[in-house]
Amino acid sequence: MKTQELDKAKVSTQKIQLVKGEFTPSEALDIVRSLIDEKINFHKIQRLQLWEGNHACNTNQLDGRIKELELEKEKTREFIAEMRTQGKNLMINGVLEIKIAN
C-alpha cells in the first residue's frame, strides 16, 4: 500500500495529447480557433466573476491576456490563410502539460 502511494507522489507531470496530425488549412483553423476561443472565454468568465464580487476591481491582467490571445488568433488566421494559398496542409501537435506548482 505504501509503495503505491509513493509511486503516485512521484508523478509530478501529466501530458495530454490534445491534437496530433495533418490537417487541411480549414480544419487547422477550426481547431486552433476553437482552442484559443475556449481560453478567451475562460478569462472572460474569470473577469466577470471578479467584477461581480467588486465592481471596482482591477482586471488589467485578464484584459491583457484576452488581447494577447486575440492577437495570436489573428496571427494564426493570417498564417493559415497563406498556407491555404500555397496549397499546403498543416501539422498540429498540441500537448497539454500539467505540472505541480511550486
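Look up: the structure comes first, before these words.
Reading the values: rules and limits
Residue indices follow the written sequence of each chain, beginning from 1 at its first position. For a predicted model such as this one, the threshold for reporting local features is a pLDDT of at least 70, and the threshold for listing and counting side-chain atom pairs is 80 or more; totals across whole chains, interfaces and linings nevertheless cover every residue. Hydrogens and water molecules were not included; the side-chain quantities draw on all heavy atoms of the structure. In this text, helices come from DSSP runs of H or I with a minimum length of four residues, and strands from runs of E with a minimum of two, each type numbered from the N-terminal end. Between two residues, a contact is recorded if the distance between any of their heavy atoms is within 4.5 Å. Grouping buried Ala, Val, Leu, Ile, Met, Phe, Trp, Tyr and Cys residues that are joined through side-chain atoms within 4.5 Å yields what is termed a nonpolar core. Under the scheme applied here, a residue whose accessible area is under 20% of the maximum for its type counts as buried, over 50% as exposed, and between as partly exposed, the area being computed with a 1.4 Å probe on protein chains only. By definition here, a helix of n residues has an expected span of 1.5 Å times n minus one. A patch consists of residues whose relative accessible area exceeds 30% and which take part in no salt bridge; residues with like charges are grouped when within 9 Å of each other, and nonpolar side chains (Val, Leu, Ile, Met, Phe, Trp, Tyr) when within 5 Å. Each accessible area is a Shrake-Rupley estimate made with a 1.4 Å probe; only the visible protein chains count as cover when residues are assessed. Salt bridge, as used here, is a side-chain nitrogen of Lys or Arg placed within 4 Å of a carboxyl oxygen of Asp or Glu.

Now for the side chain of H43. Structurally, H43 can be placed in helix α2 (residues 25-53). Sequence-distant contacts of H43, that is, excluding residues within four places in its chain, are made with L62, R65, I66 and L69.

Okay, the nonpolar core next. Ranked by internal contacts, the top residues of the largest apolar core, which has 13 residues, are F23, A28, I36, I40, I80, L90 and I92. If you list the elements that add at least two residues to this core, you get β1 (13-23), α2, α3 (60-85) and β2 (90-99). Here the element with the most residues in this core is α2; it accounts for five residues.

With 26 residues, α3 extends 38 Å between its outermost C-alpha atoms, agreeing within 8% with the 38 Å of an ideal straight helix rising 1.5 Å per residue. Taken residue by residue, α3 has L62, I66, L69, T76, I80 and M83 as its buried positions. In this structure, the buried side of α3 is in contact with α2 and β2. G87 sits one or two positions beyond α3 and adopts a positive phi of about 70°.

The next point concerns a nonpolar patch on the surface. A grouping of I16, L18, L35, L96 and I98 is seen on the molecular surface, where their side chains present a nonpolar patch of about 410 Å² in accessible area. Those elements that place two or more of their residues in the nonpolar patch are β1 and β2. Judged by relative accessible area, which is 38%, L96 ranks as partly exposed.

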